[in-house]
Amino acid sequence: MTTTTTSTTTTVTSSSKASEKLAALRQCMQASGIDIYLVPSDDPHLSEYTPAAYQRRSFLTNFGGSAGTAVIPSETAAAAMAAQEQAANGINDGSSTDAEAAPATSAFLWTDSRYWNEAGLQLDSSHWVLQKQGLPSTPSIATWIAQQAVRHYQETKQPLKDGEEAEAEEVVLIGELVLVSENLVDAIWSDRPALPLSPFRVHPLDYAGVSWQDKVQRVREAMRQGGAAATTDAASVVSIKKKPPATLAVFCTLDDVAYLLNLRAQGDIYTAPVGIAYATVSMDQVCLYCDPAKIASPEVQQHLENVTLRPYDAIAEDIVAHCAASKRNRVWLDQSRSNYAICQAIPTTSTTLKQGQPPRQPQLLDGQNAIVPMKACKNRAELEGMRQAHIVDGAAMAEFMAWLEDTVVNQGRAVSEVEIDQQLTGCRAKQPGFLEVSFETIAGVGSNGAIIHYRAKDPSDLLKYLDTNNPILIDSGGQYTYGTTDVTRTWHFGTATPEFRDMYTRVLKGNIGLDSMVFPEHTTPGFVLDVFARKWLWEAGRDYGHGTGHGVGAALNVHEGPMSISPKWANKEILKKGMVISNEPGFYADGVYGVRIENLLEVRYVKDEDNIKAEEENAAAAAANKKDKEQLAANGDQSKKPKVAVPGEKKYLKFSKLTMIPIQKNLIIMDLMSKEELDWLDSYHEEVLAKVGPLLPKDSPAMTWLTKACAKIERT
């Protein structure tokens, strides 16, 4: 049985049909008086990847992508919508959108272009309608809900009686946001997994580069400046404008907490080395909010000797108490990265004491926290760990590719996507410091390569086998104790079609174009560079629907902000020295194939002397006397302000490749490549061979494959 009825609620299991899950949820909605219920992908920490216990949207929809929001109308509301749309279709000669054609029992899923293909395959179309977020014809969720509310009001309002006139400025409430005390999905989910209690481990200083005590000191320096952004230079803090000091800084996202306290975990979230916790910093206390089981180890307890442990669920009440303790207390919180309950714990309304007196300042300082820029701009130790992780990752990939090519080409055996995933993970597991994959491997043969976030499963109707007739797109990565990797390569062991080779070459040219950019410091957000990755596809009338680059954590989350490279100009975060970002243009022919070539890049100064000087200055500043720095900040000393650039001092940045894995050469159309691009490819392969080769046995299949793959390209 997949459904169970208690005296009050019908419960269902993960294997229940879509109709059963929606019926059970709508029963709870009716009892709560709710017309439309939203189920986001997020957990309380707004994580991209969530523990199984928080994967409510996935449970309800059967859609496994990491981004998307389910919107479920009640049975009455859904029927009314269907009736309205049928009437509208009759007026509009039967023309309709997907949503208009939906049956009366339908619910809706909004997701972006990365997941349209996957969602279309996984959703039960008899009960779910895919709303393709980002298309001009697709309204936002808020707009869509407002439209339904207006229609409902217009349909149910009482008509005016004869001689009665409408009020000129009548304001009518036609809908409201209702908060429910219990999550309705949890109420019906009978086999919901328990919350994980994976223990924290200490992230060694050799890899962290900066102690957690020094990080806390930098947070406090920024708090004194009223929520200033911490710079990569540990000696200085830049305040955007004068604000009252923050008395409490709150950190809600799991990677912020892990970075701040130099902690890591394995098991709470598959592929992410973080643990479920919150943290706060005041001027005299650091608090960690988590289950006590997570810090049971003596090593972790010693590491956190001066940190106060608080119950996980006490975070909101502690914030309320802090605000109530003094009207002068100010809480620094990034509301865009915090859940609603935490945000509501802080009074934000200004009030006037007496007529003529200015209002009190709100107790909320809303803005990017001090950890985000520190985490984004890696220090010397973190960068060294990232470089080493990519070298050993290259050794693992060489072993894997030697096996794969031999199996498919020489032995003539077709290999399933699942076996490819397992073999690749096994090769990484042999490398020192490997912990787990950094995300679920994407191994898509042929048409599955066009599913941007495809995940092979066995059994599955989508499962394919690699032979010499089809290409394969492999996007994979590893979590090592000292770094995080993420790489995509597209391979073909047979004869590729001219169209495939054309798209492959244009994607490669885009990768090289972005990689080769030089740009001025302090002035270049990622969206400015995005065009260089798309230029050659645009010339052929092609494009891809995802961003070109995302930030990557150092032994942390594989997707990390705040920077990105994307055509979406809203993200104006400037690219800075020490950032690690991906470079991954692609092209996807739905139902046929996918191409993507991805390297991770380190942002560096063009001049080596500038890199050396910056690292030396940062190291010296970090080693300065903490007491002196606290005194300078407390006295408002201005001597440590960063220098303002003057003419002749402008510095320029470039990208340095971290990924050390060859790019397949025989798929390239030589006539489309310039001499400079071919030189780039030869130079890259020379570097790969020099760094990865020493890790491989001299006469091993892996070394033979790597040597051949890195040979200079034949030019005509």
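Residues numbered from 1 in each chain as written. Predicted model: local features only at pLDDT ≥ 70, side-chain atom pairs only at ≥ 80, totals over all residues. Heavy atoms only, no water.

On to unusual backbone geometry, then. Geometrically, the link from Asp458 to Pro459 is a cis peptide bond, its omega value of 5 degrees lying close to zero. When you line up the elements, Pro459 lands in the loop between strand 19 (442-445) and strand 20 (465-466). Cis rather than trans, the peptide bond between Gly561 and Pro562 has omega equal to 5 degrees. By the secondary structure assignment, Pro562 is in strand 27 (residues 560-565). One non-glycine residue, Asn62, adopts positive backbone phi at about 70 degrees. (Helix = DSSP H or I, 4+ residues; strand = E, 2+ residues; numbered from the N terminus.)

This next bit is on the sheet that holds strand 21 (residues 472-476). Within a sheet, each strand pairs with its neighbour through backbone hydrogen bonds, oriented either parallel or antiparallel. Read from one edge to the other, the open sheet built from three strands follows the order 19-21-24, with strand pairing classed as antiparallel. At either end of the open sheet lies a strand with only one pairing partner, and these are strand 19 and strand 24 (487-491). Averaged over all pairs of adjacent strands, the angle between strand axes in this sheet comes to 10 degrees, irrespective of strand direction. (Pairing = 2+ DSSP bridges. Axes fitted to C-alpha atoms, helices over the stretch in contact; angles between N-to-C directions.)

To continue, consider helix 9 (residues 254-261). Most of helix 9 sits out of view: eight of its eight residues are buried. Of the positions making up helix 9, those classed as buried are Leu254, Asp255, Asp256, Val257, Ala258, Tyr259, Leu260 and Leu261. Positioned one or two residues after helix 9, Asn262 has a phi angle of 50 degrees, which is positive. (Buried < 20%, exposed > 50% of the residue type's maximum accessible area, 1.4 Å probe, protein only.)

Confidence along the chain averages 88 in pLDDT terms, with 85% of residues attaining 70 or more. Every residue in residues 91-101 scores below 50 in pLDDT, and together they form 11 contacts with partners more than four places removed in sequence or on other chains. Here residues 229-240 scores under 50 on pLDDT; set against residues more than four positions off or in separate chains, the count is 34 contacts. (pLDDT = per-residue confidence, 0-100. Contact = heavy atoms within 4.5 Å.)

Another aspect to go through is the nonpolar core. Phe400, Ile420 and Phe655 are the most contacted members of the largest nonpolar core, which has 84 residues in total. Ranked by residue count, the leading element in this core is helix 14 (residues 380-410), at 10 residues. Residues within four places of Ile420 in sequence aside, it is in contact with Phe400, Leu404, Val415, Ala443, Leu466, Ile472 and Ile474. If you look at the next biggest cluster of nonpolar residues, it comprises 37 residues, including Ala246, Leu254, Leu260 and Cys290. (Core = buried A, V, L, I, M, F, W, Y, C linked by side-chain atoms within 4.5 Å.)

Moving on: helix 17 (residues 526-539). Approximately 45 degrees is the largest bend angle found in helix 17, and it occurs at Ala533. Those residues of helix 17 that fall on the buried side of the exposure criterion are Gly526, Leu529, Asp530, Ala533, Arg534 and Leu537. Backbone geometry just downstream of helix 17 places Gly541 in the positive-phi region, at approximately 75 degrees. (Bend = angle between axes of the 7 residues up to and from the residue.)

Let us look at the pairing of strand 10 (residues 248-251). Walk down a regular strand and you will see the side chains alternate between the two sheet faces. Across the two faces of strand 10 the burial is the same, with Leu248 and Val250 and Ala249 and Phe251 all buried. As judged from the two bridges shared by strand 10 and strand 15 (residues 331-333), these two strands associate in the parallel manner. Paired with Leu248 across the strands is Val331, a residue of strand 15.

Residues Leu177, Leu179 and Tyr340 make up a contiguous nonpolar surface patch of roughly 380 Å² in combined accessible area. Topologically, Leu177 is positioned in the loop between helix 5 (141-156) and helix 6 (184-188). Overall, Leu177 belongs to the exposed group, its relative accessible area being 73%. (Patch = residues over 30% accessible without salt bridge, like charges linked within 9 Å, V, L, I, M, F, W, Y side chains within 5 Å. Areas by Shrake-Rupley, 256 points an atom, 1.4 Å probe, with all protein chains shown as cover. Salt bridge = Lys/Arg side-chain N within 4 Å of Asp/Glu carboxyl O.)

Attention now goes to the packing of helix 8 (residues 212-224) against helix 9. The interhelical angle for the contact between helix 8 and helix 9, taken along N-to-C directions, is 115 degrees, at an axis separation of 7 Å. Classified by the angle their axes make, helix 8 and helix 9 are roughly perpendicular. Judged by residue contacts, Trp212, Lys215, Val216 and Val219 of helix 8 engage Tyr259, Leu260 and Leu261 from helix 9. The residue inventory of the contact of helix 8 with helix 9, partitioned by class, reads six nonpolar, no polar and one charged. (Parallel < 35°, antiparallel > 145°, perpendicular 65-115°, else oblique. Nonpolar A, V, L, I, M, F, W, Y, C, P; charged D, E, K, R; others polar.)

This brings us to the sheet that holds strand 15. Ordered by their spatial adjacency, six strands build an open sheet running 14-13-12-10-15-16, and the pairing between neighbours is mixed. Every interior strand has two partners, whereas the edge strands, strand 14 (308-310) and strand 16 (364-366), have only one. The average angle at which neighbouring strand axes cross in this sheet is 25 degrees, direction not considered. With three bridges joining them, strand 15 and strand 16 adopt parallel strand pairing. Looking at the pairing, Trp332 lines up with Leu365 of strand 16. Packed onto the sheet, helix 8 meets strand 10, strand 12 (278-282), strand 13 (286-289) and strand 15 and runs at close to 60 degrees relative to strand 12. Here helix 9 sits on the sheet in contact with strand 10, strand 12 and strand 13, set at roughly 55 degrees to strand 12.

All right, on to the pattern of salt bridges then. Any two side chains of opposite charge can pair, given that their charged atoms come close. A complete count under the given rule lists 31 salt bridges for this structure. Between Glu539 and Lys535 there is a salt bridge, and its shortest N-O distance comes to 3.0 Å. Taken together, the positions of Glu539 and Lys535, both in helix 17 and four residues apart, correspond to about one turn of that helix. With a relative accessible area of 35%, Lys535 lands in the partly exposed category. Here Glu573 makes a salt bridge to Lys576, at a shortest N to O gap of 2.8 Å. By relative accessible area, which is 19% here, Glu573 ends up buried. The network of salt bridges with common partners includes Asp255, Asp256, Arg337 and Lys375.

Before going further, it helps to spend a moment on the packing of aromatic side chains. Summed over the entire model, instances satisfying the criterion amount to 16 aromatic pairs. Among the aromatic side chains, those forming a connected cluster through ring pairs are Tyr207, Phe434, Tyr480 and Tyr482. The side chain of Lys21 reaches across the aromatic face of Phe59, ending 4.6 Å from its centre. Above the ring of Phe200, the side-chain terminus of Lys294 is found at 5.1 Å from the ring centroid. (Phe/Tyr/Trp six-rings, centres within 6.5 Å; stacked < 30°, edge-to-face > 60°. Lys NZ or Arg CZ within 6 Å of the ring centre and 35° of its normal.)

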